[in-house]
Amino acid sequence: MITCPSLVYQSFTHIDGELTCDGVSVAAIVTRVGTPVYIYSAHAIRDAYRSIDEAFAACPHAIHYALKANSTLAIVRLLRAIGSRVDANSGGEIEVALRAGCEPRDIVFTGVGKTREELERAVALGVGVINAESAGELDRMAAIAAAQGRDVRAALRVNPDIDAGSHPNISTGLRINKFGVPLQDARAIYRERRSRPGLRLVGVHVHIGSQITTIDPLRKAARALAGLASELRADGVALEHVDVGGGLGIPYEGRPMIGASEYADAVIPELRPLGLPVLLEPGRAIVGRAGALVTRVVDRKRSPEGRQFAVLDAGMAELIRPALYGSYHRIVPVRPRQGPEGPWDIVGPICESSDVFARERVLPPLDVDDLVAVLDAGAYGAVMASNYNRHLLPAEVLVDAGHWSVIRRRQTLDEMLALES
Ligand code: LLP
């Protein structure tokens, strides 16, 4: 069964002609906080987490929320409170996880290019597992563990040469990509290191990409991982889990697509025969739909050919996804005006022609000072924001049970300049 987005919980809906987040007026938040502002629904985050958790109820599993999607402390704490563990991709994300109340054992440390300092810290903390990206990294981890007189719990990330069918910039499972080690090399790498002092090879890991919208690549990756896990056990490697990474997409365009239950139904039959707990690293599927970037129209104009531009006070500095991946985000006026709909180019204020959120998007009339919301911006939005063109990092607000609070205030000019002499 394919999940219809309209059946999925919608946080951002118009009530009496005004955009609300779980019943709270978006315009009222903006009156206090200004624009641009990211607004998140706590309810939607919990709902998305639980739907993945329930989908995998048939097999032992642990959800390690991928912090890279959105690591604002209040969001990590919220997920922590309902039982989530984390996937950290850097030393910085490990520290965020700890400050949000995670135990080291709840952290999976992934990521291509971990520094020696990051590995030393992770080994000293005793994180749950470090997913190594190469044989060399496994060896460095083993040496660090030996030097510290500890054991390190490790897994190897394999690259199964499977096309995730996603945007090339976020597909990671092909031979040409920098990620992991070729699947066919993995068995020998484990075998050579299975009795290395300090190195406990407890898992296998795969992650073939992000915003995956078809089941087949996910099933194939799970099958490849399960095949490897069986071989390793035959070789006497004492595996404790298999980690299938993240990657489940969300319906940015509002069309029906696979959801958590279709994903679980496809991969559980591949993995269950192993009898090992399954680790999941979803990011986008948990927070993506829960957030919107609310921004104000600061100018409008018409080109000689008749193109209509609405220029916003937020652009690629606040939300880089459209510029970087050509990605689609739904855009809705906060208070839609009456009048004929027409095609609008919705653009940012940054000095780059790629600073465009949408081209020829059919919308109601827009005017200067109108508020618009860019939807499905909860994942890879705020975390990828920059000071480009000296924009201040935007504020972030969390709506929970009819109340809202600023979970990250807007950066000030002095804060932006504080590091400079
Ligand atoms: N695990 C690993 C090892 C990863 O590299 C990633 C994402 C995830 C889990 C979480 O994937 P998710 O469930 O969120 O698809 N900035 C891009 C997405 C980059 C994803 C990087 N890795 C975007 O805005 O689409």
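As a convention, each chain's residues are numbered from 1 in the sequence order in which they are written. Thresholds applied to this predicted model are a pLDDT of at least 70 for local features of residues and 80 or more for the giving and counting of side-chain atom pairs; totals over whole chains, interfaces and linings are not thresholded and use all residues. No hydrogens and no water enter the side-chain calculation; it runs on all heavy atoms of the structure.

Undergrad: It is not clear to me how the site of the ligand should be interpreted in this structure. Could you clarify?
TA: For this purpose, a residue is taken to be near a molecule or strand whenever a single non-hydrogen atom of the residue falls within 4 Å of it. If you check the shell around the ligand, you find 18 residues, and the closest are S210, E281, R321, Y325 and Y380. Residues adjacent in sequence count toward polar contacts only when both atoms are side-chain atoms; beyond that, a polar contact is any pair of N or O atoms within 3.5 Å, and within protein one must be able to donate a hydrogen and the other to accept it. Within the side chain of S210, a nitrogen or oxygen atom sits 2.4 Å from an oxygen atom of the ligand. Lining residues are defined by having an atom within 4 Å of a point belonging to a cavity or pocket. Those points lie on a 1 Å grid over the protein atoms alone, cavities being sets where a 1.4 Å probe fits but cannot get out and pockets being open sets with protein on both sides within 12 Å along at least five of seven lines. Cavity and pocket membership follows a simple rule, namely that a molecule belongs there if more than half of its atoms are within 2 Å of the grid points. When atoms are counted within 2 Å of each cavity's grid points, the one that captures over half of the ligand is the largest pocket. Looking at the shell around the ligand residue by residue, the classes come out as 6 nonpolar, 6 polar and 6 charged. Here the nonpolar group is Ala, Val, Leu, Ile, Met, Phe, Trp, Tyr, Cys and Pro; Asp, Glu, Lys and Arg are the charged ones; every other residue, Gly included, is treated as polar.

Undergrad: Looking at this model, I keep getting lost on the environment of T72. Mind explaining?
TA: Numbered from the N terminus, helices here are DSSP runs of H or I no shorter than four residues, and strands are runs of E no shorter than two. Mapped onto the secondary structure, T72 falls in the loop between β5 (61-66) and α3 (73-81). Between buried and exposed lies partly exposed: a residue is buried under 20% and exposed over 50% of the maximum accessible area for its type, with that area taken using a 1.4 Å probe on protein chains only. Classification of T72 as buried rests on a relative accessible area of 12%. We call two residues in contact whenever any of their non-hydrogen atoms come within 4.5 Å of each other. If we skip the residues at most four places from it in the chain, T72 touches E396, I407 and R408.

Undergrad: Explain the layout of surface pockets here, please?
TA: In this approach the atoms are scanned with a rolling probe the size of a water molecule, which exposes any empty space left behind. Grid points are joined across faces, edges and corners, and a volume is the space filled by probe spheres set on the points. Each pocket or cavity is described by its volume, and for the largest pocket that value is around 600 Å³. Lining the largest pocket are 34 residues, with K68, T172, H207, S210 and Y380 positioned closest to its centre. Within the residue set of the lining of the largest pocket, elements represented by two or more residues are α10 (284-287) and α11 (321-325). Its residues assigned to classes, the lining of the largest pocket shows 11 nonpolar, 15 polar and 8 charged. As used throughout, domain bounds are those supplied by an automatic or database domain assignment. Per-domain counts for the lining of the largest pocket show at least three residues from each of domain 1 (5-41 + 288-417) and domain 2 (42-287).

Undergrad: Is there a simple way to think about helix α5 (residues 116-125) in this case?
TA: An α-helical turn contains 3.6 residues, so any two residues separated by three or four positions project in the same direction. Buried residues of α5: E118, L119, A122 and V123, and no others. Take α5 and look down its axis: the buried residues cluster within an arc of 130 degrees, on one side only. Considering only its buried residues, α5 is in contact with α4 (91-99), β7 (107-109), β8 (129-132), α6 (135-148) and β9 (152-159). This arc is taken over the directions from the axis of the helix to the C-beta atoms.

Undergrad: How do you make sense of the packing of helix α2 (residues 42-55) against α3 when you look at a structure like this?
TA: Each pair of packed helices can be described by the angle between their axes along with the distance between the axes. Inter-axis angles, ranging from 0 to 180 degrees, are taken between N-to-C directions of lines fitted to C-alpha atoms, where helices are fitted over the stretch in contact. Remark: α2 packs on α3, axes separated minimally by 10 Å, with the N-to-C direction vectors making an angle of 45 degrees. Here α3 runs oblique to α2, going by the angle between their axes. Judged by the twist between their axes, the crossing of α2 over α3 is right-handed. On the side of α2, the interface is formed by A42, I45, R46 and Y49, while α3 contributes I75, L78 and L79. Put simply, angles under 35 degrees are roughly parallel, angles over 145 are roughly antiparallel, angles from 65 to 115 are roughly perpendicular, and the rest are oblique. Definitions for this section: a left-handed crossing has its near helix turned counterclockwise from the far helix by less than a right angle. A right-handed crossing has that turn clockwise.

Undergrad: I keep staring at the domain arrangement of the chain and nothing clicks. Help me out?
TA: Bring the parts together and some accessible area is lost; that lost area is often taken as the interface size. Annotation of the chain at the domain level lists domain 1 (5-41 + 288-417) and domain 2 (42-287). Taking only C-alpha atoms, the centre of domain 1 and the centre of domain 2 are 32 Å apart. At the junction of the two partners, domain 1 supplies 27 residues and domain 2 supplies 28 residues. Summing both partners gives a buried area of about 2300 Å² for domain 1 against domain 2, and 60% of it is carried by carbon and sulfur. The rule for a salt bridge is simple: a side-chain nitrogen of Lys or Arg has to be within 4 Å of a carboxyl oxygen of Asp or Glu. At the boundary of domain 1 and domain 2, one finds 1 salt bridge. Across the salt bridge formed by R46 and D400, the nearest N and O atoms sit 2.8 Å from each other. Using a 1.4 Å probe, buried area is obtained as the accessible area two parts lose upon being combined, added over both of them.

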